[in-house]
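# Commentary on secondary and tertiary structure
Read off the chains here:
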Amino acid sequence: MKKIVSLVCFICLVLFSTQVFSQSITFAVLSDTHYSVSEKNKTWKQFAFARKTLPQLLKKLSHDPGIDFVVFPGDLFMDPLASALDPLKTLIDTHLKKPYFVIPGNHDRPTKDQINEKMQVFSLMDFVKTFKGHPYPDGVTSYWSLDYNGYHLIGLDSTKDEPLSGRVSRAQVAWLREDLKKNRDKFTIIFVHHGLDLFCTKLPMERGYTIDNYREVQKIIKNNPQVKFVVTGHYHFSAVRVKDEVYHLTMPTLVTYPLKYAVFHVEQNRVLYQTIKTGTKDQRAKAANGLVEEPYWRKKFKQDADLIRFFEGIDSLTFQPRP
Ligand SMILES: [Fe+2]
């Protein structure tokens, strides 16, 4: 009898372990949506296209049983105009019937100049309050962590009151250390708008795209092997970088050629990353023309084709997260 009970316990344990460790998550990433109420397309940023595409895409993701949730890793807005805050929130809530999580980007809070120019802007606190529950639990703190199906997700706030560069605040660094300490045994994914490392060293301006204290945050990540990969926005192209065995992936966007979003399928031992085109061939051609007309980018590449290829970036990638 004793043997039978032991055998049943063993089988239950195996079944339970299989259940726990076979858990996976699949999520879509819509980065740098740059929503505006009425802005037209402008060279490399197809604002009107993205505004029109977003509701259709949110509906599509809502009906996709394979998608667990959606992440918006910053720059949800073109500019932090007060007139755009509620319309975008309403648009997302109307069309997206899945859990969604946001973090702020540099366009989601006003710069010093915008405040001095007395633009009608929303503040970072307005952003956090508006997106309370996604997942901001208190509607006050601009960074967060949560557990989803056994995976630990962390959303950092890398913004400061300047147009391009970023920083993870001192208080947030202390919180990050503590959060990682409390969740050492969980597969962890970090979302942060600015890069934590360089994605294209040939671009001289690139250091301005990362956070100022990248070394400090990199070191924390290195010392916490449960952090398996980092998802960033800001760059508008799909690229990968491996630093200290940690995968850093920067996301494509709906507003910039080739008008893409991303999907991650995450298992304990394997991550599948895929980027998905939106729009028609003509719309993508228009976005490509806009890109090569943008002097800032054009001058960094000898040939238009090189610039186009660079922005086409990664279509798909499978990688093994560090042990
Ligand atoms: Fe950005």
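Everything below is about the structure printed above this text.
A brief structural summary. (Residues numbered from 1 in each chain as written. Predicted model: local features only at pLDDT ≥ 70, side-chain atom pairs only at ≥ 80, totals over all residues.)

### Digging into the sheet that holds strand E10 (residues 260-267)
The cut-off we apply is this: We call two strands paired when DSSP finds no fewer than two bridges between them. Helix numbering and strand numbering both begin at the N terminus, where a helix is a DSSP run of H or I of at least 4 residues and a strand a DSSP run of E of at least 2. Geometry is summarised by axes, namely lines fitted to C-alpha atoms with helices restricted to the contacting stretch, and by angles between N-to-C directions that run from 0 to 180 degrees.
Read from one edge to the other, the open sheet built from six strands follows the order E3-E2-E1-E10-E11-E12, with strand pairing classed as mixed. Whereas interior strands pair on both sides, the edge strands pair on one side only; in this sheet they are strand E3 (100-103) and strand E12 (316-319). Across the sheet, the mean angle separating the axes of adjacent strands is 20° when strand polarity is ignored. Bridge count between strand E11 (residues 270-277) and E12: four bridges; the pairing is antiparallel. Within the sheet, the bridge partner assigned to Tyr273 lies in E12 and is Leu317.

### Some remarks on the environment of Tyr261
As for its placement among the helices and strands, Tyr261 is situated in strand E10. The spatial distance from the C-alpha of Tyr261 to the C-alpha of Gln274 is 8.6 Å, given a sequence separation of 13 residues.

### With respect to the pairing of strand E9 (residues 246-250)
Test applied: Buried residues are those with 20 or more other C-beta atoms within 10 Å of their own C-beta, exposed residues have 12 or fewer, and partly exposed residues lie in between; C-beta atoms are placed from the backbone.
Burial runs high along E9: five of the five residues are buried. Burial of the side chains of E9 extends over both faces: Val246, His248 and Thr250 are buried on one face and Tyr247 and Leu249 on the other. Where strand E7 (residues 227-232) meets E9, four bridges bridge the pair, whose relative direction is parallel. Bridge assignment links Phe229 to a residue of E9, and that residue is Tyr247. Pairing analysis gives five bridges linking strand E8 (residues 239-243) to E9, with the strands arranged antiparallel. Bridge pairing in E9 places Arg241 opposite His248. What sits between the antiparallel neighbours E8 and E9 is a turn of two residues, in which Asp244 has the positive phi angle 50°.

### What to know about unusual backbone geometry
Residue Pro135 is bonded to the preceding His134 through a cis peptide linkage, with omega at -10°. The omega torsion across Tyr257 and Pro258 is 5°, close enough to zero to call that bond cis. Among the secondary structure elements, Pro258 is positioned in the loop between E9 and E10. Although it is not a glycine, Asn149 adopts a positive phi angle of roughly 50°. For Asn149, a count of 11 C-beta atoms within 10 Å gives the class exposed.

### Quick notes on the packing of helix H8 (residues 281-292) against helix H10 (residues 304-312)
Cut-off, in case you're wondering: Note on terminology: angles under 35 degrees are roughly parallel, angles over 145 are roughly antiparallel, angles of 65 to 115 are roughly perpendicular, and the others are oblique. Crossings are assigned a handedness: left-handed for a near helix turned anticlockwise from the far helix by less than a right angle, right-handed for a clockwise turn. Contacts are defined on C-beta atoms placed from the backbone: any two residues whose C-beta positions lie within 7 Å are in contact.
Where H8 meets H10, the axes come as close as 10 Å, and the angle between the chain directions of the two elements is 120°. Viewed along their axes, H8 and H10 adopt a mutual orientation that is oblique. Two packed elements cross with a definite hand, and for H8 against H10 that hand is right-handed. Of the residues in H10, those touching H8 at Ala288, Leu291 and Val292 are Asp304, Leu307, Ile308 and Phe311.

### Observations regarding the nonpolar core
Using the following cut-off: Each nonpolar core reported here comprises buried Ala, Val, Leu, Ile, Met, Phe, Trp, Tyr and Cys residues connected via C-beta atoms within 7 Å.
By size, the foremost hydrophobic cluster in this structure holds 78 residues, and its most contacted members are Val29, Val70 and Phe191. No other element matches the six residues that helix H2 (residues 47-62) contributes to this core.

### Notes on helix H7 (residues 214-222)
Applied cut-off: Taken from the helix axis, the directions to the C-beta atoms give the arc we talk about.
Every buried residue belonging to H7 is among Tyr214, Val217 and Ile221, and all of these are buried. Taken end-on, H7 shows its buried residues confined to a sector of 70°, consistent with a single buried face. Exposed side chains of H7 directed beyond 90 degrees from the buried face belong to Arg215 and Lys219. Buried residues along H7 sit against E7 and E9.

### Here's the deal with the sheet that holds strand E6 (residues 188-192)
Think of a sheet as strands paired side by side through backbone hydrogen bonds, with each pair either parallel or antiparallel. Strand order in the open sheet formed by six strands is E4-E5-E6-E7-E9-E8, with mixed pairing between adjacent strands. Each edge of the sheet is formed by a strand with only one pairing partner; in this case those strands are strand E4 (144-148) and E8. Taking each pair of neighbouring strands and ignoring which way they run, the sheet shows an average axis angle of 20°. Here four bridges tie strand E5 (residues 151-155) to E6, and the two strands are oriented parallel to one another. Within the sheet, the bridge partner assigned to Gly155 lies in E6 and is Phe191.

### With respect to the pairing of E11
Inspection of the sheet shows E10 paired to E11 by eight bridges, in the antiparallel sense. When the bridges of E11 are listed, Val266 appears paired with Val271. From the end of E10 to the start of E11, which pair antiparallel, there are two residues.

### A word on the environment of Val121
Structurally, the position occupied by Val121 is in the loop between helix H4 (112-116) and helix H5 (124-130). A residue is classified by how many C-beta atoms lie within 10 Å of it, and Val121, with 20 of them, is buried. Distance from Val121 to Lys222, taken between C-alpha atoms, is 38 Å for residues 101 residues apart in sequence. Residues contacting Val121, with those up to four places away along its chain left out, are Pro80, Leu81, Ala82, Pro110, Gln114 and Ile115.

### Comments concerning the environment of Glu312
The residue Glu312 is located in helix H10 in this model. Distance from Glu312 to Phe301, taken between C-alpha atoms, is 14 Å for residues eleven residues apart in sequence.

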